[in-house]
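Reading the structure
Residues per chain, in single letters:
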Amino acid sequence: MRTSSPGFASAVRHVVFAMALLFCGTGLAAAATPAEALISGNINTGLEILNDRQLDTEQRRVQFENFLLGVTDLKRVATFTLGPYGAKASPEDRDGFAIAFQNYAVAVYQSYFAKYAGQSLTVTGSRQVAPQDDIVSTVLIDPTDRGGRPLEVDFRVRSNAAKPVIVDFAVAGVWLAPAERDEFAAYLGQNGGDVRKLIAYLDQLRGRIAGGG
């Protein structure tokens, strides 16, 4: 996987866009299920943290990270994105990747969130794909786009733990986690399955994002 890989760039855009949408809207339909409540009930919270000018940069980062980890299961997503390479990796490398993935994801969400503020995300319904496994459907409406077709954004919510958590996103029908799994598999295939190299690569990307690069 190279920094110029179109596929990886596309996956990153989906990560950024989908997670940002979770927090940028105010047009909510009534939440009819716990999964819908998770989405609709957290949209404004993240926005308030990132827009709180009484917080300094580090306070904002810490509060947003804690909030993000409270509504998502990034460790589960990280395990999924490693695919079959996860089973071959040592426990230390799996744990290291989970940390690197989490730090990378938080940096991405926080860096690009402001680009989507002011748009309206409305929960339109949900469907169950398996017991305690729901897909919540939403639409994104840009108030400046007169007559445009709303963008469809789906969130996959698992409720088989202590509380419902978000485990995947889809923008216009493209799911994030499978796209990342394919990109990581390509990278690992080109690098002898070395998970530590993938960890280093994610750390490098996170550093660039945090530095505004």
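Residues numbered from 1 in each chain as written. Predicted model: local features only at pLDDT ≥ 70, side-chain atom pairs only at ≥ 80, totals over all residues. Heavy atoms only, no water.

The next thing to look at is the environment of V195. Positionally, V195 belongs in helix 8 (residues 195-210). Using a relative accessible area of 3% as the deciding quantity, one classes V195 as buried. Separated by 101 residues in sequence, V195 and R94 have C-alpha atoms that sit 7.9 Å apart. Not counting residues up to four positions away in its chain, the partners in contact with V195 are L82, Y85, A89, D93, F97 and L188. (Helix = DSSP H or I, 4+ residues; strand = E, 2+ residues; numbered from the N terminus. Buried < 20%, exposed > 50% of the residue type's maximum accessible area, 1.4 Å probe, protein only. Contact = heavy atoms within 4.5 Å.)

With respect to the helices, strands and loops of the structure, L55 is situated in the loop between helix 2 (34-50) and helix 3 (57-71). Given a relative accessible area of 13%, L55 falls into the buried group. Ignoring any residue separated from it by four or fewer positions in sequence, one finds L55 in contact with I49, R60 and Q63.

Considering all chains together, one arrives at five aromatic pairs under this definition. Plain terms: the ring middles of F97 and F184 are 5.8 Å apart, the flat faces sit at 85° to each other, and that makes the pair edge-to-face. Of this pair, F97 sits in helix 6 (residues 91-112) while F184 sits in helix 7 (residues 176-190), and the two are 87 residues apart along the sequence. Under the relative-accessibility criterion, F184 is labelled buried at 1%. Where Y187 meets Y201, the ring centres are 5.4 Å apart and the plane angle is 25°; that geometry is what we call stacked. In this pair, Y187 is assigned in helix 7 and Y201 in helix 8, connecting sequence segments 14 residues apart. In terms of burial, Y187 and Y201 fall into one category: buried. Counting every residue linked through ring pairs, the aromatic cluster contains F97, F101 and F184. For the cation-ring pair, K88 lies above Y85, with the distance from its terminal atom to the ring centre recorded as 5.5 Å. (Phe/Tyr/Trp six-rings, centres within 6.5 Å; stacked < 30°, edge-to-face > 60°. Lys NZ or Arg CZ within 6 Å of the ring centre and 35° of its normal.)

Attention shifts here to empty space enclosed by the protein. A full pass over the atoms with the stated rule returns one cavity of 30 Å³ or more. Roughly 40 Å³ of volume is contained in the largest cavity. Those elements that provide at least two residues to the lining of the largest cavity are helix 4 (74-82) and strand 4 (165-171). With three residues, the top contributor of residues to the lining of the largest cavity is strand 4. (1 Å grid on protein atoms, 1.4 Å probe; cavity = no way out; pocket = protein on both sides within 12 Å on 5 of 7 lines; lining within 4 Å. Points joined across faces, edges and corners; volume = space filled by probe spheres on them.)

The next point concerns the packing of helix 7 against helix 8. The N-to-C vectors of helix 7 and helix 8 enclose an angle of 120°; their axes lie 9 Å apart at closest approach. With respect to their mutual orientation, helix 7 and helix 8 come out oblique. In the crossing of helix 7 with helix 8, the sense of the turn from one axis to the other is right-handed. Across from F184, Y187 and L188 in helix 7, the residues of helix 8 making contact are V195, K197, L198, Y201 and L202. By residue class, the composition of the contact of helix 7 with helix 8 is seven nonpolar, no polar and one charged. (Axes fitted to C-alpha atoms, helices over the stretch in contact; angles between N-to-C directions. Parallel < 35°, antiparallel > 145°, perpendicular 65-115°, else oblique. Left-handed = near helix turned anticlockwise from the far one by under 90°. Nonpolar A, V, L, I, M, F, W, Y, C, P; charged D, E, K, R; others polar.)

This paragraph deals with the pairing of strand 4. Of all seven residues in strand 4, seven are buried; the element is thus mostly enclosed. Bridging between strand 3 (residues 151-158) and strand 4 involves six bridges; their strand directions are antiparallel. Across the sheet, the residue bridging to D154 is A170, located in strand 4. The loop that links strand 3 with its antiparallel partner strand 4 comprises six residues. Between strand 4 and strand 5 (residues 174-175), which pair antiparallel one after the other, the connecting turn spans two residues, and A172 there sits at a positive phi close to 55°. (Pairing = 2+ DSSP bridges.)

The next thing to look at is the nonpolar core. Among the nonpolar cores identified, the biggest contains 44 residues, and F97, F101, Y109 and L202 are the most heavily contacted of them. With 10 residues, the top contributor of residues to this core is helix 6. For F97, the residues in contact, after removing those within four places along its chain, are A78, T81, L82, F184, V195, L198, I199 and L202. (Core = buried A, V, L, I, M, F, W, Y, C linked by side-chain atoms within 4.5 Å.)

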